[in-house]
Every structure is written in C-alpha cells, then in structure tokens.
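# Structure assessment
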Amino acid sequence: MKLDNCDIVTAILPIISSVISGLLTKERSCSYNELDNSKEFLNFLPLRSAYFENFQTEESMSNYRYILKDLIDIESTAQMFELLYEVAQIPNAVIDMEGNVLVGAGWQSICTDFHRKNPESETICIESDTHISAEIAAGKAHCIYECPLGLVDSSCPIIIDGHHLGNVFTGQMLHTPLTDDARYRFRAQAQQYGYDEEKYMEALERVPIFPIEKHKEILKLLSTITQQLADSGLAK
C-alpha cells in the first residue's frame, strides 16, 4: 500500500497508537545476535563503517548505566518500524553508539547491492557517513545530506537523560522525481563503476521520493517515537 506524501504522517499515527502500548520495556525480548542474523537486518550491515566513529565522545560513552538496547523492546520496535515502511515507504533505522543497527526497514538495494559493494563507490559512501556523523556530533538537531552518488540520507540523535545513546536514520531517498537528466547521471555512474546498468536503473526507480519538508517531518516523527520509547523504558 502506498500513500500520497501529504498523507504520510496521518497514516502513520494510527499505527503508532495501536502498537505503542506493547513496546515499552527495559527488558529485551530477544538478543541483538538473533536480530543480527535475521534476514531483514542483513541489509543494514554496511552501516557498520565509519558512520559512528565521531559519535563516541567522552560524554556519550561515559559510565552511563544504560545503552539504548536496554531501554527499548527491540523486537516490537522493529515490527513497528517495518510497518512504517510497509505503509508509507519510509526507509528507517535506529542505530546505537557502537554502530549496531537495532531496528530498521527499507534499506535500498541501489545502495546495498551496488554503491556499497563496489570498493571505489563504497569509499564515497563512507565519506558521506562520516559527514553525517560529524554534523550530529557537532550538536546539530538533524542532518539531511545528498551524497555525491545522488541519494539523500539523514540522521538525528537520540538523547536520553542528557546522554547521546544512538541515532535515528532515514534513507536512502530522493527529494524530487527523476528527470531525464537525473537518469542520465545515474546511467553514467553505472558505467563508471561497472554496475549492471539495467539492474542499477531498476533499483533507482524503486527509491522512494519525499520532498525535503516532508523528509524533515518524517525524521522528526521517527526520532520522537524512539526517544519516547526509550524515555519510558528509563522510567520503568
């Protein structure tokens, strides 16, 4: 099911209200290793790169008594974020300070199967990761960034009890519909990096499109959900 972009937030809120009561716990219902080996999380393994190197500050990685996965029910939260992707096509992830992907859905194959599998283009991906991490580490409320390969990623911090415990991530997406010029650019990239051109273009056509203002609303929504869940877990 796909919705018009202008109806996305309205569509998401009933889902949140229907499942949120089952999400709040300080006890994890499954281990990270179980999630790590599950099919839906395999696509997020490329995020274990330089993305979080700049986040591990003395303040955020001090002797705080909790880490993010202590405060949210991983399995139930993952189910909710999967629903968000199924209903509204919003790629998403919640990532802790060590770079572990705790929940997520919708990572785009144009990135996992092409950009991050080619050593040359993967270098560009890592540079983009590092740029986003540096922006968040500098104290920005969020970072929305178009990478040199033409896709848009974003992140915002999860601050609990004054400590930076993780980040909400959304992407990859586009802010405007594809034009002939944009398609020409991506075809040129396929040729430059030796991708299967037709499969690469098929993957491009599957990338969701959200205007930048809607993108900001989405990022704020996902961050608010995760932060409230963690706050509630802390209160328990």
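As a starting point, this report considers the structure included with it. Nothing here was measured: the structure is a model prediction, and the numbers come from that model.

### Description of the packing of aromatic side chains
The tally for this structure, following the rule as stated, stands at 6 aromatic pairs. Aromatic pair Y195 and Y200: ring centres 4.8 Å apart, planes at 40 degrees, arrangement tilted. Across this residue pair, the class does not change: Y195 and Y200 are buried. Of the aromatic side chains, those joined through ring pairs into one cluster are F114, F186, Y193, Y195 and Y200. A cation over a ring is seen here: R185 above F186, with NZ or CZ 5.8 Å from the ring centre.

### Some details on helix α8 (residues 180-193)
Helix length check: α8 (14 residues) gives 20 Å between terminal C-alpha atoms against 20 Å at 1.5 Å per residue, within 8%. Among all positions of α8, only F186, Q189, A190 and Y193 are buried. Axial view of α8: buried residues confined to an arc of 100 degrees, hence all on one face. For α8, the exposed residues set more than 90 degrees away from the buried face come down to D180, D181, Y184, Q191 and Q192. Those residues of α8 hidden inside the fold are in contact with α6 (109-115), α7 (119-137) and α9 (197-205). Downstream of α8 by one or two residues, G194 has phi in the positive range, about 75 degrees.

### Quick look at the nonpolar core
By size, the foremost hydrophobic cluster in this structure holds 31 residues, and its most contacted members are F81 and I160. When residues of this core are traced back to their parent elements, those giving at least two are α4 (68-71), α5 (74-88), β2 (101-105), β4 (152-160), β5 (163-173) and α10 (212-235). Sort the elements by how many residues they give to this core and α10 lands first, with 8 residues. Leave out the neighbours within four places in its chain, and F81 touches N92, V94, V103, A105, L222, I225 and T226.

### Things to note about unusual backbone geometry
Following G171, the chain continues into Q172 via a peptide bond in cis, with omega recorded as 10 degrees. You can see Q172 is positioned in strand β5. In this structure, D161 is a non-glycine residue whose phi angle is positive, near 55 degrees. Mapping D161 onto the fold places it in the loop between β4 and β5.

About the cut-offs
Residues numbered from 1 in each chain as written. Predicted model: local features only at pLDDT ≥ 70, side-chain atom pairs only at ≥ 80, totals over all residues. Heavy atoms only, no water. Phe/Tyr/Trp six-rings, centres within 6.5 Å; stacked < 30°, edge-to-face > 60°. Buried < 20%, exposed > 50% of the residue type's maximum accessible area, 1.4 Å probe, protein only. Lys NZ or Arg CZ within 6 Å of the ring centre and 35° of its normal. Helix = DSSP H or I, 4+ residues; strand = E, 2+ residues; numbered from the N terminus. Expected span 1.5 Å × (residues − 1). Arc of directions from axis to C-beta. Contact = heavy atoms within 4.5 Å. Core = buried A, V, L, I, M, F, W, Y, C linked by side-chain atoms within 4.5 Å.

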